[in-house]
Amino acid sequence: MDDIILNGGYNKKAILFEKGFKDKIYYKGKELIDLSHCSGSLLFGHNNSILVKSLKNYLNKKNSIFSHPNIYAVKFSKLIKKKFPNFKKIVFCNSGTEAVTKALRISFATNKKKLIVSVAGSWHGSVSKTLFYPDKNFKPKPISSGIEENKGKIIFIPYNDIPNSKKILERFKNKINCLIIEPVQAGLPTDTIGSYLNFLQSYCKKNKINLIFDEIITGFRTLEGSVQKKYKINPEITLLGKVLGGGLPIGVIGINNSIYKKLKKNKLKVFFGGTFSANSMSSLVGYETLKYLDSNKEILKNLVAKCHYFQKKLNDFLILHNVDARVYRFQSILRIIFSKKNVFNRPQRDFLEKKKTKKINDFKKYLLKKNIFYPNNGLIFFSTATSYKSIQKLLKHTQIILKKKF
Ligand SMILES: Cc1ncc(COP(=O)(O)O)c(C=O)c1O
């Protein structure tokens, strides 16, 4: 293979996919069950009718993409606002990474303190300020070269652990600009998080820290629409992406009234521009996706039921056969953890899985041989196109290989 591409995943052994349809992806004539669905973006599956119809209609009207202010972005913004009434203003971006980058810019414009708090196990994309990982003493270690200038500007707190998070926050509270969190972590999806999120909200309010909810995965994948809605939290800044773009690239920042008032009162000029930000085509497809979701409430319920079915069937089997693995789930977000111990946070998960890298790789290779694509980062996303037939096949093969290896 021509190895000119440096992006993640493009190595000599990479499978180069050619096509996607419903819950399958294809390469070299092979058909695989897709457990990724474009990293969780394709809620309705590959080549779904919302995406296809809206683009076809649009292009057939001799229409095209344009970056200047357009009716599609305005229409879309109104629908997003309906779903998130706490958004005073919206910023359109092209990806989650861009949304995180610009959200931090807003946070630093409105709050003069310098430190970012990140929550161990949360992922916020390819952003230099957050590309750190806590070691076992919670010391931030860079996970990329070229980001050295951001050292010393980020600290970590443990996920879903009020006493230990509070201890760390207390030590730094006068220096903390913002706290960014993936409120339900796709790396360890559970729903026992409400009191932790409420603690963070009141702590941030009391200490003038901007609370940033990264709902790039959970937004519109959650029955209530978002995690903040489920737990009645009003973060200063919210990030959305993935599902919202309906299959086209997107990122959205929503700021609440308190941030907006600061921007206005101090006449702050934050730069938000970009060629494809608020472009007409992503806005159109995003709008049609939200509208469809809104008028078909059963869709998400059925998807969550499918995910629950898979989790229950596999966990029942794993318990019965004393296999060292469990399926974790938050609504439509699934993950297999390769340990039967109760795992509460990401560092603990990494510790328990550390010595199992070879077995986990064998697990992935086996599934691939059986024509199942299990994404390298372990995040499993079904879509509304995922059939029970595919789930039965997935169950059969995960049971065989997990029992054999774990
Ligand atoms: C929670 C979360 N935040 C941010 C990002 C970055 O988004 P993107 O890959 O669109 O840049 C991701 C991507 O997986 C994500 O899962």
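These numbers come from a predicted model, not from an experiment.

Scanning the protein from N- to C-terminus turns up 13 helices and 15 strands. Its C-alpha atoms give the protein a radius of gyration of 21 Å, within 12% of the compact-globule value 22 Å for 406 residues. The C-alpha extent of the protein, read off along each of the three principal axes, is 60 × 60 × 45 Å. Burial analysis of the protein (406 residues in total) assigns 53% to the buried set. Pairs at least 24 residues apart make up 69% of the contacts formed inside the protein by residues separated by at least 6 positions.

Below, the discussion takes up the domain arrangement of the protein. Along its sequence, the protein is organised into domain 1 (19-48 + 298-405) and domain 2 (51-294). A separation of 26 Å is found between the C-alpha centroids of domain 1 and domain 2. In this complex, domain 1 contributes 32 residues to the contact, which on the side of domain 2 involves 31 residues. Roughly 2700 Å² of surface becomes buried between domain 1 and domain 2 when both sides are summed, with 67% attributable to carbon and sulfur atoms. Counting across the interface, domain 1 meets domain 2 through zero salt bridges. Across the contact surface, domain 1 and domain 2 share eleven residue pairs in polar contact (both at pLDDT 80 or more). Every element with two or more residues in the side of domain 1 that touches domain 2 is listed here: α1 (37-40), α10 (298-320), β13 (326-330), β14 (333-337) and α11 (346-353). Per element, the largest residue contribution to the side of domain 1 that touches domain 2 is five residues, and it comes from α10.

Below, the discussion takes up the sheet that holds strand β1 (residues 19-21). Taken in spatial order, the four strands line up as β1-β2-β3-β15 in an open sheet, and their pairing is mixed. Two strands bound the open sheet, and with one partner strand each, they are β1 and β15 (372-373). In the sheet, β1 pairs with strand β2 (residues 24-27) via three bridges, with the strands oriented antiparallel. Counterpart to Phe-21 in the pairing with β2 is Lys-24.

Throughout the structure, instances matching the rule amount to 16 salt bridges. The salt bridge partner of Lys-83 is Asp-294, with a shortest N-O separation of 2.6 Å. Taken together, the residues span a long stretch of sequence, with Lys-83 in helix α3 (residues 71-83) and Asp-294 in helix α9 (residues 280-295) at a distance of 211 residues. Look at Lys-83 and you get partly exposed, because its relative accessible area is 27%. Measuring nitrogen to oxygen at the nearest pair gives 3.0 Å for the salt bridge that ties Asp-324 to Lys-356. With Asp-324 in the loop between α10 and β13 and Lys-356 in the loop between α11 and α12 (357-369), this residue pair connects regions lying 32 residues apart in the sequence. The buried category is assigned to Lys-356, whose relative accessible area is 13%. Each of Arg-346, Arg-349, Asp-350 and Glu-353 takes part in one network of salt bridges that share partners.

The next subject is the site of the ligand. Lining the immediate surroundings of the ligand are Ser-95, Gly-96, Thr-97, Trp-123, His-124, Gly-125, Glu-182, Asp-214, Ile-216, Ile-217 and Lys-242. With respect to the ligand, the backbone of Gly-96 contributes an N or O atom lying 2.9 Å from an oxygen atom. Between a nitrogen atom of the ligand and a side-chain N or O atom of Asp-214, the distance comes to 2.6 Å.

In this section: the nonpolar core. If you look at soluble globular proteins, the nonpolar side chains tend to sit buried side by side. Among the nonpolar cores identified, the biggest contains 49 residues, and Ile-80, Leu-244, Phe-310, Phe-363, Phe-382 and Leu-402 are the most heavily contacted of them. Mapped by element, the contributors of at least two residues to this core are α3, α9, α10, β14, α12 and α13 (388-405). It is α10 that contributes the most residues to this core, eight residues altogether. Not counting residues within four places of it along the chain, the set of residues in contact with Phe-363 comprises Ile-336, Phe-338, Tyr-374, Thr-398, Ile-401, Leu-402 and Phe-406. Core analysis: the second largest hydrophobic core is formed by 31 residues, Val-119, Ile-155, Tyr-159 and Tyr-196 among them.

Now for the pairing of β14. In terms of burial, β14 is largely enclosed, as five of its five residues are buried. Burial of the side chains of β14 extends over both faces: Ile-333, Arg-335 and Ile-337 are buried on one face and Leu-334 and Ile-336 on the other. Of the pairings in the sheet, the one linking β13 to β14 comprises five bridges and is antiparallel in character. From the neighbouring strand, Tyr-328 faces β14, where its bridge partner is Arg-335. As consecutive antiparallel partners, β13 and β14 are separated by two residues, and within that stretch Gln-331 has a phi angle of approximately 50°, a positive value.

A word on unusual backbone geometry. With phi around 50°, His-37 is a residue other than glycine that occupies positive phi space. When you line up the elements, His-37 lands in helix α1. Even without a glycine there, the phi angle at Phe-220 is positive, about 70°. Take Phe-220: it is sitting in the loop between β10 (210-214) and α7 (227-230). Judged by relative accessible area, Phe-220 falls into the buried class, the value being 5%.

Closest axis-to-axis distance for the α12/α13 pair is 10 Å, and the angle between their directions is 150°. Judged by the inter-axis angle, α12 sits roughly antiparallel to α13. As for how α12 packs across α13, the hand of that crossing is right-handed. Only His-397, Thr-398, Ile-400, Ile-401, Leu-402 and Lys-405 of α13 make contact with α12, whose side of the interface consists of Lys-359, Asp-362, Phe-363, Tyr-366 and Leu-367. Residue composition of the contact of α12 with α13, grouped by class: six nonpolar, two polar and three charged.

Conventions adopted
- Residues numbered from 1 in each chain as written.
- Predicted model: local features only at pLDDT ≥ 70, side-chain atom pairs only at ≥ 80, totals over all residues.
- Heavy atoms only, no water.
- Helix = DSSP H or I, 4+ residues; strand = E, 2+ residues; numbered from the N terminus.
- Rg over C-alpha atoms; globule rule 2.2 N^0.38 Å.
- Buried < 20%, exposed > 50% of the residue type's maximum accessible area, 1.4 Å probe, protein only.
- Contact = heavy atoms within 4.5 Å.
- Domains from an automatic or database assignment.
- Buried area = accessible area lost by both parts, 1.4 Å probe.
- Salt bridge = Lys/Arg side-chain N within 4 Å of Asp/Glu carboxyl O.
- Polar contact = N/O pair within 3.5 Å; in protein donor to acceptor, adjacent residues only side chain to side chain.
- Pairing = 2+ DSSP bridges.
- Near = heavy atom within 4 Å.
- Core = buried A, V, L, I, M, F, W, Y, C linked by side-chain atoms within 4.5 Å.
- Axes fitted to C-alpha atoms, helices over the stretch in contact; angles between N-to-C directions.
- Parallel < 35°, antiparallel > 145°, perpendicular 65-115°, else oblique.
- Left-handed = near helix turned anticlockwise from the far one by under 90°.
- Nonpolar A, V, L, I, M, F, W, Y, C, P; charged D, E, K, R; others polar.

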